[in-house]
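Inside the fold
Chain by chain, the residues run as shown.
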Amino acid sequence: MKLNGENLKISIQKKGRLSQGSQELFKAAGLDFESSDGRLFSRCSNYPMDALYLRDDDIPEYVQDGVTDLGIVGLNVVEEKGNQVAKLDYLGFGTCELCIAVPKASGLTSAFDLSGKRIATSYPRITGAYLEKRGIDARVIEISGSVEITPSLDVADAICDIVSTGSTLRLHELMPIEVVLKSEAVLIANQESLRNPRKVALIERLRARILSHLEAKKTKYVMMNAPESALEQIRGILPGMKSPTIVPLAEEGMIAVHTAVPEDVFWDVIEALKAAGATDLLVVPVEKMVV
Ligand code: ATP
Ligand code: ZN
């Protein structure tokens, strides 16, 4: 099988922390790919798109050079590589932080204590820019892996590395003192592809599918019963949301109210609805949201 020149091309991580999330995102957006086992690329059977499986470090370069139109990669990698690509959407998985950490016993407590010190990192570009912006004159030592052992080897006084749970830091008696970058997977695009109307149309259709899934993940659908007299108060609790669906119930004076509720205010809204007289609340996940 060869790549189809007409198809949109997207590069994703072959094997690693972003692979599963990327493939789950395709699935949630309704895109069916042939199995990727051991292959360099595979074709989508229900969208004109091919996926290329690469090391994450190579993705920004491939997207910049137009080998693929799109890519899914960590923001940390995009910022470190510094390639000319457009960042389209944050995708809500692969979240982690690039942090400066120091040995617990070092007495260092802020990035400003690092002047004259050595910082080991696999992210010299981001780290260097962070220090420069704050006028901190520290030496950045580039290390390609196992950065967390460098303080104990006296190679560095501090590190700047990816942290998600903090367990690796604790294991090495390090503690984070500054967050340099909050990262998650991001959809990036080739600049030329964004000037090609045919590709833009395909990219926008794809983004609409992805975004409808991301929006749905942030929303719950709530159904409840309530006395008709509580309707005004209930509507007042649902600010900024689309007009709820109101259905009369068989019981005189009672209604059912159906509405979408954003996840981040979910419990506040539910508690207020109960206080207003809503009963029999039923909450269901939303699979897609198309607005
Ligand atoms: P590759 O073989 O593709 O080069 P890798 O070993 O460089 O893989 P992974 O460890 O799979 O990369 O991490 C990929 C991305 O996952 C990171 O760049 C980062 O954006 C994100 N990520 C999320 N949590 C973590 C974590 N705990 N450690 C490292 N990366 C994380
Ligand atoms: Zn990598």
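Details of the structure are given in the entry above.
Keep in mind the model is a prediction, meaning the values are calculated, not measured.

Definitions and cut-offs
- Residues numbered from 1 in each chain as written.
- Chains lettered and ligands numbered in written order.
- Predicted model: local features only at pLDDT ≥ 70, side-chain atom pairs only at ≥ 80, totals over all residues.
- Heavy atoms only, no water.
- Pairing = 2+ DSSP bridges.
- Helix = DSSP H or I, 4+ residues; strand = E, 2+ residues; numbered from the N terminus.
- Axes fitted to C-alpha atoms, helices over the stretch in contact; angles between N-to-C directions.
- Buried < 20%, exposed > 50% of the residue type's maximum accessible area, 1.4 Å probe, protein only.
- Arc of directions from axis to C-beta.
- Phe/Tyr/Trp six-rings, centres within 6.5 Å; stacked < 30°, edge-to-face > 60°.
- Lys NZ or Arg CZ within 6 Å of the ring centre and 35° of its normal.
- Donors = N, O, S within 2.8 Å, 3.2 Å for Na, K, Ca; no water.
- Tetrahedral: all angles 85-135°; square planar, octahedral: opposite > 155°, others 65-115°.
- Polar contact = N/O pair within 3.5 Å; in protein donor to acceptor, adjacent residues only side chain to side chain.
- Contact = heavy atoms within 4.5 Å.
- Core = buried A, V, L, I, M, F, W, Y, C linked by side-chain atoms within 4.5 Å.
- Domains from an automatic or database assignment.
- Patch = residues over 30% accessible without salt bridge, like charges linked within 9 Å, V, L, I, M, F, W, Y side chains within 5 Å.
- Areas by Shrake-Rupley, 256 points an atom, 1.4 Å probe, with all protein chains shown as cover.
- Salt bridge = Lys/Arg side-chain N within 4 Å of Asp/Glu carboxyl O.

**Concerning the sheet that holds strand S4 (residues 70-74)**
The strand order across the open sheet formed by six strands is S2-S3-S1-S4-S11-S5, and the pairing between neighbours is mixed. The open sheet is flanked by strand S2 (41-43) and strand S5 (86-90), the only strands paired with a single partner. Each strand of the sheet is rotated relative to its neighbour by a mean of 25 degrees, with strand direction disregarded. Where strand S1 (residues 8-13) meets strand S3 (residues 49-54), six bridges bridge the pair, whose relative direction is parallel. Residue pairing across strands places Ile12 opposite Tyr53, the latter belonging to S3.

**A few points about helix H4 (residues 124-133)**
Looking at H4, one finds that the buried residues are Ile126, Thr127, Tyr130 and Leu131. Buried residues of H4 fall within an arc of 125 degrees about the axis and therefore sit on the same side. Pointing more than 90 degrees away from the buried face of H4 are the exposed residues Glu132 and Lys133.

**Structural notes on the packing of aromatic side chains**
The tally for this structure, following the rule as stated, stands at two aromatic pairs. Taken together, a centroid distance of 4.8 Å and an interplanar angle of 35 degrees make the contact between Phe26 and Phe33 tilted. Taking the relative accessible area as the measure of exposure, Phe33 reaches 21% and is therefore partly exposed. For the ring pair Phe266 and Trp267, a centre distance of 5.1 Å and an interplane angle of 80 degrees mean the geometry is edge-to-face. Here Trp267 falls in the exposed class, since its relative accessible area comes to 57%. The aromatic ring of Tyr130 is capped on one face by Arg134, whose charged end is 3.9 Å from the ring centroid.

**Side note on the coordination of the zinc ion (ligand 2)**
Only Asp56 (OD) and Asp57 (OD) from the protein coordinate the zinc ion (ligand 2), and they sit 2.0 to 2.1 Å from it. Classification of the site at the zinc ion (ligand 2) rests on its four donor atoms, whose angles at the metal span 75 to 174 degrees, yielding the label irregular.

**Looking at the side chain of Ser11**
Tracing the chain through its elements places Ser11 in strand S1. A polar contact is formed between the side chain of Ser11 and the side chain of Thr68, at a distance of 3.0 Å. Setting aside chain neighbours within four positions, we find Ser11 in contact with Leu52, Leu54, Ile59, Val63, Thr68, Leu70, Gly71 and Ile72.

**Thoughts on the environment of Ala29**
Of note, Ala29 is situated in the loop between helix H1 (19-28) and S2. Its relative accessible area of 5% is what places Ala29 among the buried residues. C-alpha of Ala29 to C-alpha of Ala216: the two residues are 187 residues apart in sequence and 11 Å apart in space. In contact with Ala29, other than residues within four places in its own chain, are Arg209 and Ile210.

**Description of the nonpolar core**
Of all hydrophobic cores here, the largest spans 30 residues; its most connected members are Leu98, Ile100, Leu114, Ile119, Val180 and Ile188. Mapped by element, the contributors of at least two residues to this core are S3, helix H2 (59-64), helix H3 (75-81), strand S6 (96-103), H4, strand S9 (158-163), strand S10 (174-183) and strand S11 (185-189). Both domains that furnish three or more residues to this core are identified here as domain 1 (8-93 + 185-216) and domain 2 (96-183). Once residues within four sequence positions are removed from consideration, Leu98 is found in contact with Tyr123, Ile126, Cys160, Asp161, Ile162, Glu178, Val179, Val180 and Leu181. Core analysis: the next-biggest nonpolar cluster, separate from the first, contains 27 residues, Leu25, Phe26, Leu70 and Leu214 among them.

**Concerning helix H8 (residues 266-275)**
For H8, the full list of buried residues reads Phe266, Val269, Ile270 and Leu273. Across the axial projection of H8, the buried residues extend over an arc of 100 degrees, all falling on one side. Along H8, the residues that are exposed and aim more than 90 degrees away from the buried face are Trp267, Asp268 and Ala275. Elements that come into contact with the buried residues of H8 comprise strand S12 (219-227), helix H7 (231-237), strand S14 (254-262) and strand S15 (279-285). Of the residues one or two after H8, Gly277 is the one with positive phi, at around 115 degrees.

**What about a nonpolar patch on the surface?**
On the surface, a cluster of nonpolar side chains totalling about 220 Å² of accessible area is made up of Ile149, Leu153 and Val155. Looking at Ile149, the relative accessible area reads 31%, which means it is partly exposed.

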